[in-house]
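Take a look at the letters that make up each chain.
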Amino acid sequence: MTAPSLLYFRDVAVQYGDRIVLEQVSLAVEQGAFVSVVGPSGAGKSTFLRLILGQEAPSRGVIHLEGEPLAAEPDRHRGVVFQRYSVFPHLSALDNVVFGLDCAGAPLTGRLRGPRRAAAAEEATALLARVGLSHALDLYPAQLSGGMQQRLAIAQALIMKPRILLLDEPFGALDPGVRKDMHGLITELWREHGLTIVMVTHDLKEAFTLGTRVLAFDKPRHFDDGGRAYGSTIVYDFPLDKGAPPVDPATLATLKDRLDPDQA
Ligand SMILES: Nc1ncnc2c1ncn2[C@@H]1O[C@H](COP(=O)(O)OP(=O)(O)O)[C@@H](O)[C@H]1O
Ligand SMILES: [Mg+2]
């Protein structure tokens, strides 16, 4: 018997009232994949991440994590980094990273004590050094640049050793040079930690450069219904691993056209 996929969706749909956002979403993601998710805005990309995170339950279908039905609550096995504001403004950089260990290790008080606290602080300090924030341990998020805040958010997610790291346009607000540095960092962390990553981006180049697989979400049917009656689904699934067939340029051009021109 082969091991179950890390993440498995079968015929998943999300509907709000009579509005269908996602439908017929089926996929299997293997451990160690770096999955990029693209699609026009409103295509349900963030909804897809919220499903994996357990912040949202599907209206129908099945989601499994490591062969088990997904727990309906976010837990430490799934880390998340949003485009902005995923760190706590009232905590220093160090405390932002220690916070998760505090909550996991001392659920009643929310604060570890003594040697366990010291060990947590040491672990957080090492991780902050790894993401390039050694000099910023005592600074608050408002004192950090956008790129530094995203480094902090990544450290905050990684300290929990998530089985899957979810990134929702994590570099979208950053300047091109900073973005490039972040691409290097996330690729290194992915390798070093053997992570499985699902990253939403509106940047096709970023998607294809970083990913081992690119999923494109879109509405498959274009009836004259104002787009309300049908949900988005996975319209393209490009494997980019070694040995995968090259991506057809015509398909890529179609995909480019479908992404919002103002977001491309
Ligand atoms: N809680 C909700 N209630 C109603 N509609 C929602 C809710 N969350 C998202 N939507 C709608 O679902 C669609 C997909 O949203 P989202 O997943 O944020 O898309 P994307 O991230 O691809 O831009 C949008 O049209 C949005 O308005
Ligand atoms: Mg979104």
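Predicted model, so just to flag it, every value in this text is computed and none were measured.

**A few points about the pairing of strand S7 (residues 164-168)**
- A large share of S7 lies buried, amounting to five of its five residues.
- Inspection of the sheet shows strand S6 (residues 78-81) paired to S7 by four bridges, in the parallel sense. Residue pairing in the sheet places Arg-78 in a bridge with Ile-164 of S7.
- Of the pairings in the sheet, the one linking S7 to strand S8 (residues 197-200) comprises four bridges and is parallel in character. Counted as the bridge partner of Leu-165 is Ile-197 from S8.

**Looking at the environment of Gln-83**
- Looking at the secondary structure, you find Gln-83 in the loop between S6 and helix H2 (93-105).
- Classification of Gln-83 as partly exposed rests on a relative accessible area of 28%.
- Once the C-alpha coordinates of Gln-83 and Leu-174 are considered, the two residues, 91 residues apart in sequence, prove to be 9.2 Å apart.

**Observations regarding the pattern of salt bridges**
- The tally for this structure, following the rule as stated, stands at 12 salt bridges.
- Salt bridges here are not isolated pairs; linked through shared partners, they connect Asp-95, Asp-102 and Arg-117.

**What to know about the site of ligand 1**
- Around ligand 1 sit Tyr-16, Arg-19, Val-21, Pro-40, Ser-41, Gly-42, Ala-43, Gly-44, Lys-45, Ser-46, Thr-47 and Arg-50, and that is every residue in its neighbourhood.
- Contact distances for ligand 1 include 2.8 Å between an oxygen atom and a side-chain N or O atom of Arg-19.
- One of the backbone nitrogen or oxygen atoms of Lys-45 is found 2.8 Å away from an oxygen atom of ligand 1.
- When ligand 1 sits alone it has 570 Å² of accessible area, and the protein chains cover 61% of it.
- Counting only elements with at least two residues in the shell around ligand 1, the list comes to strand S2 (19-29) and helix H1 (45-53).
- Here the shell around ligand 1 takes four residues from H1, the largest share from any one element.
- The class makeup of the residues in the shell around ligand 1 is four nonpolar, five polar and three charged.

**Remarks on the nonpolar core**
- Core analysis: the largest hydrophobic core is formed by 41 residues, its most contacted members being Leu-128, Leu-152, Ile-154, Leu-165, Phe-171, Ile-186 and Ile-197.
- Looking at this core, the elements that each hand over two or more residues are H2, helix H3 (114-130), helix H4 (146-158), S7, helix H5 (176-193) and S8.
- For this core, the element with the most residues is H4, which contributes seven residues.
- If sequence neighbours within four positions are ignored, Leu-152 has contacts with Val-87, Ala-93, Asn-96, Val-97, Leu-128, Leu-133, Pro-141 and Leu-144.
- Among the nonpolar cores identified, the runner-up in size contains 29 residues, and Leu-6, Ala-43, Ile-63 and Val-200 belong to it.

**Considering the domain arrangement of the chain**
- When the domains of the chain are assigned, the result is domain 1 (1-77 + 162-264) and domain 2 (91-161).
- Just the C-alpha atoms count here: the centres of domain 1 and domain 2 sit 27 Å apart.
- Facing 17 residues of domain 1, the contacting portion of domain 2 comprises 12 residues.
- Here domain 1 and domain 2 share an interface that buries about 1300 Å² over both sides, 68% of which is from carbon and sulfur atoms.
- A per-residue breakdown of the area domain 1 buries against domain 2 is headed by Arg-76, Pro-162 and Leu-185, which together make up 38% of the total.

**Regarding the sheet that holds S2**
- Judged by pairing direction, the sheet is antiparallel, and its four strands sit side by side in the order S2-S1-S4-S5 without closing on themselves. Of all the strands in the sheet, the pair left with one neighbour each is S2 and strand S5 (68-69).
- Where strand S1 (residues 7-16) lies against S2, seven bridges are found, and the strand directions are antiparallel. Of the residues in S2, the one forming a bridge with Tyr-16 is Arg-19.
- H1 rests against S1, S2 and strand S4 (60-65) of the sheet, and its axis sits at about 120 degrees to S1.

**Overview of the packing of aromatic side chains**
- For the structure on display, the rule yields six aromatic pairs.
- Plain terms: the ring middles of Phe-208 and Phe-238 are 5.5 Å apart, the flat faces sit at 55 degrees to each other, and that makes the pair tilted. With Phe-208 in helix H6 (residues 204-210) and Phe-238 in strand S10 (residues 233-239), this pair connects stretches of sequence that are 30 residues apart.
- For Phe-208, a relative accessible area of 21% translates into the label partly exposed.
- Using a relative accessible area of 8% as the deciding quantity, one classes Phe-238 as buried.

**So, the side chain of Thr-201**
- By the element assignment, Thr-201 lies in the loop between S8 and H6.
- At 2.8 Å, the side chain of Thr-201 forms a polar contact with the side chain of Glu-206.
- If we skip the residues at most four places from it in the chain, Thr-201 touches Val-37, Val-38, Glu-169, Glu-206 and Ala-207.

How each quantity is defined
- Residues numbered from 1 in each chain as written.
- Chains lettered and ligands numbered in written order.
- Predicted model: local features only at pLDDT ≥ 70, side-chain atom pairs only at ≥ 80, totals over all residues.
- Heavy atoms only, no water.
- Buried < 20%, exposed > 50% of the residue type's maximum accessible area, 1.4 Å probe, protein only.
- Helix = DSSP H or I, 4+ residues; strand = E, 2+ residues; numbered from the N terminus.
- Pairing = 2+ DSSP bridges.
- Salt bridge = Lys/Arg side-chain N within 4 Å of Asp/Glu carboxyl O.
- Near = heavy atom within 4 Å.
- Polar contact = N/O pair within 3.5 Å; in protein donor to acceptor, adjacent residues only side chain to side chain.
- Areas by Shrake-Rupley, 256 points an atom, 1.4 Å probe, with all protein chains shown as cover.
- Nonpolar A, V, L, I, M, F, W, Y, C, P; charged D, E, K, R; others polar.
- Core = buried A, V, L, I, M, F, W, Y, C linked by side-chain atoms within 4.5 Å.
- Contact = heavy atoms within 4.5 Å.
- Domains from an automatic or database assignment.
- Buried area = accessible area lost by both parts, 1.4 Å probe.
- Axes fitted to C-alpha atoms, helices over the stretch in contact; angles between N-to-C directions.
- Phe/Tyr/Trp six-rings, centres within 6.5 Å; stacked < 30°, edge-to-face > 60°.

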